[in-house]
Amino acid sequence: MKALRSFAVRAALPEELGVLMTIAMNLRWSWDAEAVDLFRWGDPEAWEAAGHDPVKMLGLVAPERFTELTEDGPFMGFLADVEESLTSYMEEPRWFQSKDEPALRTVAYFSPEFGVSEALPVYSGGLGVLAGDHLKAASDLGVPMVGVGLLYHQGYFKQRLNADGWQLEYYPQLDPHAMPLVLQTDDDGSPLRIDVDLAGIRCAAQIWLAQVGRVPLLLLDSDIEENDDEERRITDRLYGGGTEHRLRQEILLGIGGVRALRAAGFDPDVFHSNEGHAGFLGLERIRQLVMEEGLDFQSALEAVRATTVFTTHTPVPAGIDVYETELMERYFDAFAKECDVPLDDLLALGQSHSVPAVELEETFNMALLGFRVAGRANAVSKLHGVVSRTIFGDLWPEIPSNEVPIGAITNGVHTATWLGPEMSEILNRRLSPGWAEAGNARWERVREVTDAEIWRERERARERLVYFVRARLRQQLLARGVSEAETAWTEEVFDPGVLTVGFARRFAQYKRGSLLLADPERLRSLLLSGDRPIQFVFAGKAHPLDDGGKAMIQALVHFASDPELRNRFAFLEDYDMEVARVLCQGSDVWLNNPRRPLEACGTSGMKAAINGALNCSVLDGWWDEVYDGRNGWAIGTDDVYDDDEYQDRVEASALYDLLEREIAPRFYDRAEGPVPRRWVERIKASIASLGSFVSADRMVRDYVDTLYEPAARQATALSWEDFKGARDLAAWKSRLLDAWDDVQVLDVEGEQRPAEVGEERDVVARVRLGRLTTDDVLVQMVHGRVGANGELLEPAVTEMEPDGAEEGVSRYAGRFKTDKAGLYGYAVRVVPAHKDLNNPMYLGVLTWA
């Protein structure tokens, strides 16, 4: 029987405690230790029963307990302090407000998932947690931002393992009315709604608001009565359903998200697509400019490109959403008509054409759409930038791979969210108040901490992890129907004094979660060593359709089931942000062993590093750019073999060697007393060298300075005077591309005699520009050391200056300095140039001498 009418019910709080709900409804509590202490103090049993969700907890507290709290002077005083802290946080100027004349008005940050807190379970793993940390850091820095995502009523799946260790998935129904969400309404109080067209079917969606500190997060929800059942199910599960279901979700996220921003009163000047899932946002913005501003399609595309940032997280083509052309035609035929453009031209934005490494031409690729509608694109680590420029380089076929216009901003993690209480205590005593949210931590001051103090912190954190593992294993067994008596052994699982290695992440096959099982007997000897034992704790989920990932989990569970080994080896079910926090904070070593170079970044090791855990990782993702030989360990080398099985054997052996010969001996070296001095020395080196780098504050500042503000300035330039700049740029591009085949470098003059380091050389080039002018191009010298095959190694680029023209041929002159010994060389090229072109390589054309 269904209810005729329904309405939300919230906890009834005494007036004196009303601010408790205000604090609970702002997700800043999820990284504010004092707010968490406040709720725990309010009712410890309700806090645990609610799974550390304050909104749910307040609904569980008995009225008489609320009365007691109003009469508890210390509690009321603490409540006032937490309220004052939140008010100050929301109102005081932050880093962004201190910038000189910031160009940015608002960034709209789109992502298919957001990992802000377990209380808002609309995330699956790294991509979502990164998005949540991005919003939190933007809030801390005062960056004007609004997030856009979907509200999944079943979230991502909950994980359980059967008796044989095989992953099972189940999907509990979420109640948004019992979550830290506010339904947005019109002036008349009715739910605020937008709609999208899905192949001729109207799908409406309401908008929920989650407040993430100073940053609002809009979540679209299609599960409303006016939709048919199929449309209601669009926002059912994260990464669930078949191909068409995913397409419908991404239309709602991208197209619906842009409409939701407008409906909710937001007017962003920069749009950031976190991965290709939200790529349709660019198409909707083009449609709006065509229909409302009268721009033609190409001019609208230029205006959208100028204001769009695209971040790729994908290191392999198989990780990209791809749709058949027939499916796209059904869903976008009417949309193309509204954009006043042939459907083929619209779909060309996502088709591969000359990019065979990505997909076949007859499919529509969301990553390609992301690159083509964004004027600025980045990967999420330096090495991932190299990989991305290789994968997608054919989008710019004439451009050298090192100059393909895909930059790199290495991911970071939100310090206040991931820093454990133990390390926080140490740093709080040495840094200024509020340092974790202020983005001004001097991490190098950890070197001033005594070895004994660091070691006490690490022992406390490890002990907390051990108790967590015991409780979690017991819960897992009880959930499978095991009797209380049969769970008794979990009370002695793990040892607070033993070297503890953590591994927690998505179980995709390239991440090699079971690599440690390559030599079971060697692993057994590590676990059971009498003087230098090691214990391992694993957690993570495999995608529901990834049987290979599930098989890795099963192999670990089977190994852990050996009664002789189960006290030293454990797999924890249902990996989420809570499990991640405890493991990152309590492990001594953080293990990461993907196949290089398939890890785009891998931020779990960053979370461990700020807590004093030492990374033991393949040189991939972020670790490749910061490992210095003293701040952790590298598994193997940066060699990549064609034979995956051989590479696995080599790196498994290297991992065992590190554990046996370097890591365990260093941890158990107590030659100078009870504190392992050499181990603590490496902890200090890790925190001092990595702390600032791994911070999401650093990451967001990089986005603001190198992507957001330049995009905002270009947006202003192109939209001025009825988008005259966008129209002019589109017309110039069309003219330039049409005439580019006319461009020729006729000859180059320059000395070839031997030179001394530091000597200057003059070069003259004669260039035929045809229908173009000197204002349309730049002529550049590219010079540097020459490799064995004649290639320029790490070349510098120097612009040449126009030096007259004769009979349609332009003369250019330039000078460079030979700054390195050895074989030196140069080349000359012509590239496009326009005042509103943010990167001359973006057009994908150049002419070499």
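Residues numbered from 1 in each chain as written. Predicted model: local features only at pLDDT ≥ 70, side-chain atom pairs only at ≥ 80, totals over all residues. Heavy atoms only, no water.

A.B. asks: Hey, could you run me through helix α25 (residues 644–667) in this one?
C.D. replies: For an α-helix, 3.6 residues make a turn, and residues three or four places apart therefore share a direction. In this model, α25 (24 residues) spans 32 Å end to end at C-alpha, consistent with the 34 Å of a helix rising 1.5 Å per residue. Bending of α25 peaks at approximately 40° at the position of leucine 659. By the N-cap criterion, in which a side-chain oxygen at the helix start approaches the backbone nitrogen of a residue two or three places on, α25 is capped by aspartate 643, the distance to glutamate 645 being 3.0 Å. (Helix = DSSP H or I, 4+ residues; strand = E, 2+ residues; numbered from the N terminus. Expected span 1.5 Å × (residues − 1). Bend = angle between axes of the 7 residues up to and from the residue. Polar contact = N/O pair within 3.5 Å; in protein donor to acceptor, adjacent residues only side chain to side chain.)

A.B. asks: Would you mind going over the pattern of salt bridges with me for this structure?
C.D. replies: Where charged atoms of side chains with opposite charge meet at close range, the side chains can pair. A complete count under the given rule lists 71 salt bridges for this structure. Within this structure, Arg193, Asp195, Arg202 and Glu226 form a network of salt bridges that share partners. (Salt bridge = Lys/Arg side-chain N within 4 Å of Asp/Glu carboxyl O.)

A.B. asks: Sorry, what's going on with the packing of aromatic side chains here?
C.D. replies: Overall, the coordinates contain 35 aromatic pairs when judged by the stated rule. Geometrically, the ring pair formed by phenylalanine 310 and phenylalanine 371 is edge-to-face, given 4.9 Å between the ring centres and 85° between the ring planes. Separated by 61 residues along the polypeptide, phenylalanine 310 in strand β10 (residues 308–311) and phenylalanine 371 in helix α14 (residues 366–372) bring together distant segments of the chain. For phenylalanine 310, a relative accessible area of 1% gives the class buried. Ring geometry for tryptophan 623 against tyrosine 627: centres 5.4 Å apart, planes inclined by 40°, an arrangement best described as tilted. With a relative accessible area of 29%, tyrosine 627 lands in the partly exposed category. Pairwise contacts between aromatic rings join Phe503, Phe507, Phe536, Phe538, Phe559, Phe569 and Phe571 into one cluster. We note arginine 566 situated over the ring of tryptophan 489; from NZ or CZ to the ring centre the distance is 4.1 Å. Residue placement shows arginine 698 over the ring face of phenylalanine 693; its charged tip is 4.8 Å from the ring centre. (Phe/Tyr/Trp six-rings, centres within 6.5 Å; stacked < 30°, edge-to-face > 60°. Buried < 20%, exposed > 50% of the residue type's maximum accessible area, 1.4 Å probe, protein only. Lys NZ or Arg CZ within 6 Å of the ring centre and 35° of its normal.)

A.B. asks: What am I meant to see in the sheet that holds strand β25 (residues 809–817) here?
C.D. replies: The strands making up a sheet associate through hydrogen bonds between their backbones, and the pairing can be parallel or antiparallel. Taken in spatial order, the seven strands make up an open sheet running β21-β22-β25-β24-β23-β26-β27, and their pairing is antiparallel. Each edge of the sheet is formed by a strand with only one pairing partner; in this case those strands are β21 (744–750) and β27 (847–848). Summarising the sheet, strand β23 (residues 777–786) and strand β24 (residues 792–806) pair through seven bridges and their orientation is antiparallel. Within β24, the position partnered with glutamine 780 by the bridge is glutamate 799. (Pairing = 2+ DSSP bridges.)

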